Amino acid sequence: MRAQHRFQPTRSGLQDILTHALKQLPFEEQSLWQLRNFHAVSGGDISQSYLLDTDGPRFFLKLNDSARLPLFRAEALGLNQLLKTQTIHCCRPFTFGHIGDYSYLLLEALELSEQGDWHLAGQQLAQLHQTNVGQRYGFEHETFCGNSAQPNEWEDNWGHFFAVKRIGQQLSRLHKKRLSDPEISRVIDHIRRLLAHHQPQPSLLHGDLWHGNIAFTEGQPVIFDPACYIGDRETDLAMSELFGRLPEAFYQGYQQQMPVDDTYTQRRPIYQLYHLLNHANLFGGSYLHQADHMLSTVMSQQP
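Residues numbered from 1 in each chain as written. Predicted model: local features only at pLDDT ≥ 70, side-chain atom pairs only at ≥ 80, totals over all residues. Heavy atoms only, no water.

Let's shift gears to the overall build of the protein. Of the regular secondary structure elements, the protein holds nine helices and twelve strands. In terms of overall size, the protein behaves like a compact globule, its C-alpha atoms giving a radius of gyration of 20 Å where 303 residues would be expected to give roughly 19 Å. The C-alpha extent of the protein, read off along each of the three principal axes, is 60 × 45 × 35 Å. Counting only residues that meet the buried cut, the protein has 51% of its 303 residues in that class. Restricting the contact set of the protein to residue pairs at least 6 apart, pairs at least 24 apart contribute 66%. Carbon and sulfur atoms provide 48% of the accessible area of the protein, an area that totals close to 14100 Å². If the 25 positive side-chain charges of the protein are averaged to one point and the 32 negative ones to another, these points end up 6 Å apart. (Helix = DSSP H or I, 4+ residues; strand = E, 2+ residues; numbered from the N terminus. Rg over C-alpha atoms; globule rule 2.2 N^0.38 Å. Buried < 20%, exposed > 50% of the residue type's maximum accessible area, 1.4 Å probe, protein only. Contact = heavy atoms within 4.5 Å. Areas by Shrake-Rupley, 256 points an atom, 1.4 Å probe, with all protein chains shown as cover. Lys, Arg positive; Asp, Glu negative; His and termini not counted. Charge placed at Lys NZ, Arg CZ, Asp CG, Glu CD.)

Now the structure itself:
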């Protein structure tokens, strides 16, 4: 289900947005480049995206209506956190903001390919997961997985964090009921019990790691469209297997750098349930049935 956008910016409108964005950069980086050419590109279901050719650098621009600015703020902050680890590459976010009816995110433009070193991609994701990020789960601000807000208030207990702030929140949206609803509470309590003895080392996560959010630039791995938070590294791996596994070399590289516990397969359905519920909330259709089936699988597990 594609998002329907009510705006179609003109060339002059894109120039106005670009100029507004460039003026937000630090003074030493400011240069008011002029738009030479542009074309729309695939940017997912939520925002419209454009490659902008200027008389200086090439940029990647995401656009949405002004109310969606929090999504772009969260994406930019997440990308900056990933870049700080100096592990796996991300496109640099230059700035975000809003002008008129538009919110925007101005990014580094990269030439992307599906072909590259998948073994290295696995190793670098493991290196990201090994970065020291403290001992709590959550994040410094709200993030978004697709169009869905992810509450990230800090927690010391992983099972509680994931049961309430991921599964519980999605069920609450899906059924339009409070977290205290008996059926939702029953699921939350069960997942708490399933994860009660799993207190993983917190890792900075991409948060939405599927085939569409990882590629290569000049053969080097690059990840994008993050839904960052600090949690169990296994959640990234579980998402990478949900809609078709990545190439086996990826998992071999990850295992070589940071072996996965044998009990991961017991938790994988729990972590995949979150993304199926999110897709059910965003898109409905067959995802509702997939989420219901996965929920039954998880509820049948014994703590």
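Right, let's talk about the packing of aromatic side chains for a bit. Going through the model one piece at a time under the given rule, you end up with 15 aromatic pairs. Ring centres of Trp118 and Phe250 lie 6.4 Å apart, and the angle between their planes is 80°; this geometry places the pair in the edge-to-face category. Here the residue Trp118 occupies a position in helix 3 (residues 118-129), and Phe250 occupies one in helix 7 (residues 248-257), the gap between them amounting to 132 residues. Like Trp118, the residue Phe250 is buried in the burial classification. Centroid distance Phe243 to Tyr287: 6.3 Å. Interplanar angle 80°. Geometry classified as edge-to-face. With Phe243 in the loop between helix 6 (234-242) and helix 7 and Tyr287 in helix 9 (residues 286-299), the pair connects residues that are 44 residues apart, well separated along the chain. Phe243 sits in the partly exposed class, given a relative accessible area of 34%. An aromatic cluster is defined as three or more aromatic residues linked by ring pairs; in this entry it consists of Tyr137, Trp158, Phe161, Phe162, Tyr229, Tyr271 and Tyr274. (Phe/Tyr/Trp six-rings, centres within 6.5 Å; stacked < 30°, edge-to-face > 60°.)

To continue, consider the pairing of strand 5 (residues 93-99). As a general feature of sheets, a regular strand has side chains that alternate between the two faces. Alignment of strand 5 against strand 6 (residues 102-108), held across six bridges, turns out to be antiparallel. Looking across to strand 6, one finds that Ile99 is bridged to Tyr102. Count of turn residues in the strand 5/strand 6 antiparallel hairpin: two residues, of which Gly100 carries a positive phi of about 60°. (Pairing = 2+ DSSP bridges.)

With that settled, the discussion passes to the confidence of the model for the protein. Confidence in the prediction of the protein, expressed as mean pLDDT, is 94, and 96% of residues score 70 or more. Every residue in residues 1-5 is under pLDDT 50, and counting partners more than four places away or in other chains gives eleven contacts. (pLDDT = per-residue confidence, 0-100.)

Take the sheet that holds strand 6 next. As a general point, the strands of a sheet are linked pairwise by backbone hydrogen bonds and lie either parallel or antiparallel. The antiparallel open sheet is built from five strands, whose spatial order is 1-2-3-6-5. Sheet topology places strand 1 (35-41) and strand 5 at the edges, where each strand pairs with a single neighbour. Across this sheet, the average inter-strand angle for adjacent strands is 25°, counted without regard to direction. Along the sheet face, helix 1 (residues 11-22) touches strand 1, strand 2 (48-54), strand 3 (58-65), strand 5 and strand 6 and points at about 100° away from the line of strand 1. Its contacts with the sheet put helix 2 (residues 69-84) on strand 3, strand 5 and strand 6, and the angle it makes with strand 5 is roughly 170°. (Axes fitted to C-alpha atoms, helices over the stretch in contact; angles between N-to-C directions.)

Before going further, it helps to examine the sheet that holds strand 10 (residues 214-217). Judged by pairing direction, the sheet is mixed, and its three strands sit side by side in the order 4-11-10 without closing on themselves. The sheet is open, and its two edges are formed by strand 4 (89-90) and strand 10, each paired on a single side.

With that out of the way, let us pick up the nonpolar core. Counting 67 residues, the largest nonpolar core has Phe162, Ile167, Ile191 and Phe250 as its most contacted members. It is helix 8 (residues 264-283) that contributes the most residues to this core, eight residues altogether. When residues no more than four places from it in sequence are discounted, the contact partners of Ile191 are Ala163, Ile167, Ile270, Leu273 and Val298. One finds Leu14, Tyr50, Leu52 and Leu61 within the second-largest nonpolar core, a separate group that totals 15 residues. (Core = buried A, V, L, I, M, F, W, Y, C linked by side-chain atoms within 4.5 Å.)

So, on to unusual backbone geometry. Although it is not a glycine, Glu218 adopts a positive phi angle of roughly 50°. Note that Glu218 resides in the loop between strand 10 and strand 11 (220-223). In this structure Glu218 comes out as exposed when scored by relative accessible area, which is 78%. Positive phi outside glycine occurs at Asp225, with the angle close to 50°. Within the element layout of this structure, Asp225 appears in the loop between strand 11 and strand 12 (229-231).

Below, the discussion takes up the state of the cysteines. With the rule as written, the count across this model stands at zero disulfides. We note that Cys90 lacks a disulfide partner, and the nearest cysteine sulfur, in Cys91, lies 6.9 Å from it. Unpaired in this structure, Cys228 has its nearest cysteine sulfur neighbour in Cys90, at a distance of 7.5 Å. Judged by its relative accessible area of 2%, Cys228 falls in the buried class. (Disulfide = S-S within 2.5 Å.)

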